[in-house]
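# Report on the structure
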Amino acid sequence: PVSPQAQEVSNLVSRHPKILAMSSEVEAAESRKSAAQAEYLPNLMVEYWYNRRFDNTPNNSELMVGVTVPFLYFWQPKRMVNAAEARVIEKETELNGAQINFRLQLMKNYAALASLRVQSLAYETKILPNAERRLKISHGLAPTDMESLAEHRESMESEVNLRIKAVEVRAG
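Source: prediction; values computed, not measured. (Residues numbered from 1 in each chain as written. Predicted model: local features only at pLDDT ≥ 70, side-chain atom pairs only at ≥ 80, totals over all residues. Heavy atoms only, no water.)

Moving on, we get to helix α3 (residues 75-140). Quick reminder: α-helices carry 3.6 residues per turn. Residues three or four places apart thus point the same way. Look at α3: 95 Å from first C-alpha to last across 66 residues, which is about the 98 Å you get at 1.5 Å a residue. At Tyr-123, α3 shows its largest kink, close to 45 degrees. (Helix = DSSP H or I, 4+ residues; strand = E, 2+ residues; numbered from the N terminus. Expected span 1.5 Å × (residues − 1). Bend = angle between axes of the 7 residues up to and from the residue.)

On to the packing of helix α2 (residues 17-37) against α3, then. Where α2 meets α3, the axes come as close as 8 Å, and the angle between the chain directions of the two elements is 165 degrees. Between α2 and α3, the angle is such that the two are roughly antiparallel. Note on packing geometry: the crossing formed by α2 with α3 is left-handed. Touching Ile-19, Met-22, Ser-23, Glu-25, Val-26, Ala-29, Glu-30, Arg-32, Lys-33, Ala-36 and Gln-37 of α2 are Met-80, Val-81, Ala-84, Glu-85, Arg-87, Val-88, Lys-91, Glu-92, Glu-94, Leu-95, Ala-98 and Gln-99, all from α3. Residues that form the contact of α2 with α3 fall into these classes: 11 nonpolar, 3 polar and 9 charged. (Axes fitted to C-alpha atoms, helices over the stretch in contact; angles between N-to-C directions. Parallel < 35°, antiparallel > 145°, perpendicular 65-115°, else oblique. Left-handed = near helix turned anticlockwise from the far one by under 90°. Contact = heavy atoms within 4.5 Å. Nonpolar A, V, L, I, M, F, W, Y, C, P; charged D, E, K, R; others polar.)

All right, on to the pattern of salt bridges then. Tallied over the entire structure, the rule returns 9 salt bridges. A salt bridge links Arg-170 to Glu-124, with the shortest nitrogen-to-oxygen separation between them at 3.8 Å. Placement of Arg-170 in helix α4 (residues 146-171) and of Glu-124 in helix α3 is noted, with a sequence separation of 46 residues between them. With a relative accessible area of 52%, Arg-170 lands in the exposed category. When its relative accessible area of 41% is taken as the criterion, Glu-124 is described as partly exposed. Of the charged contacts, one joins Glu-154 and Arg-134 as a salt bridge, the two residues approaching to 3.1 Å between their closest N and O atoms. In this pair, Glu-154 is assigned in helix α4 and Arg-134 in helix α3, connecting sequence segments 20 residues apart. You can call Arg-134 partly exposed: its relative accessible area is 28%. (Salt bridge = Lys/Arg side-chain N within 4 Å of Asp/Glu carboxyl O. Buried < 20%, exposed > 50% of the residue type's maximum accessible area, 1.4 Å probe, protein only.)

Our focus in this paragraph is the nonpolar core. Ranked by size, the top nonpolar core spans 8 residues in total: Val-9, Val-13, Ile-19, Met-22, Val-26, Leu-95, Ala-98 and Leu-106. Of all the secondary structure elements, the ones that give two or more residues to this core are α1 (4-15), α2 and α3. Ignoring sequence-local partners within four residues, the contact set of Ile-19 consists of Val-13, Leu-95, Ala-98 and Gln-99. (Core = buried A, V, L, I, M, F, W, Y, C linked by side-chain atoms within 4.5 Å.)

This paragraph deals with α4. The end-to-end C-alpha distance of α4 is 37 Å, a good match for the 38 Å that 26 residues give at a rise of 1.5 Å each. Residues of α4 that are buried: Ser-148, His-152, Ser-155, Glu-159, Ala-166 and Val-169. The elements touched by buried residues of α4 are α3.

On average, residues of the chain carry a pLDDT of 85, and 95% of them reach 70 or more. By mean pLDDT, α1 is the weakest element of the chain at 81, and α2 is the strongest at 92. (pLDDT = per-residue confidence, 0-100.)

Moving on, we come to the packing of α1 against α3. Axis separation between α1 and α3 bottoms out at 10 Å; the angle between their running directions is 135 degrees. Accordingly, the angle class assigned to the pair α1 and α3 is oblique. In this structure, α1 meets α3 at a crossing whose hand is right-handed. Judged by residue contacts, Gln-5, Glu-8, Val-9, Ser-10, Leu-12 and Val-13 of α1 engage Gln-99, Phe-102, Arg-103, Leu-106, Met-107 and Tyr-110 from α3. Residues of the contact of α1 with α3, tallied by class, amount to 7 nonpolar, 3 polar and 2 charged.

Encoded structure:
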């Protein structure tokens, strides 16, 4: 059972343009490896050349047959195959690293989003209602001395500051 969030992350990772470009680089490296492996096969070449003369000289033609034997010097194609395999491994490693980094960044963003949601819910359900209750209580008290006036001013300032923080959390 894969969570919907993990499935969404894998979908986003697989559709990212950088990941798609790196995947095509891996495919190109694999095709180069396949071409390098084909260098082990002998290369047969047949050429026919015909020279037609229009100045009453005899026509001539040539037939050339050639064979390239790469396994005579076996280390050359083997070196090319090894280099192509190393390139494939390098590109696959880069692709895996990019996928891991992208997944990590997405998971960090989801964690930050979840944290901001929890903070926003805390402000909406607990902190702001308590600040409003405190303001009503301090407003209902008769401001007869300096201490109750200071409490009233402090509760009004704290409610305004808490509302500003709640807006920042919601926006951020």
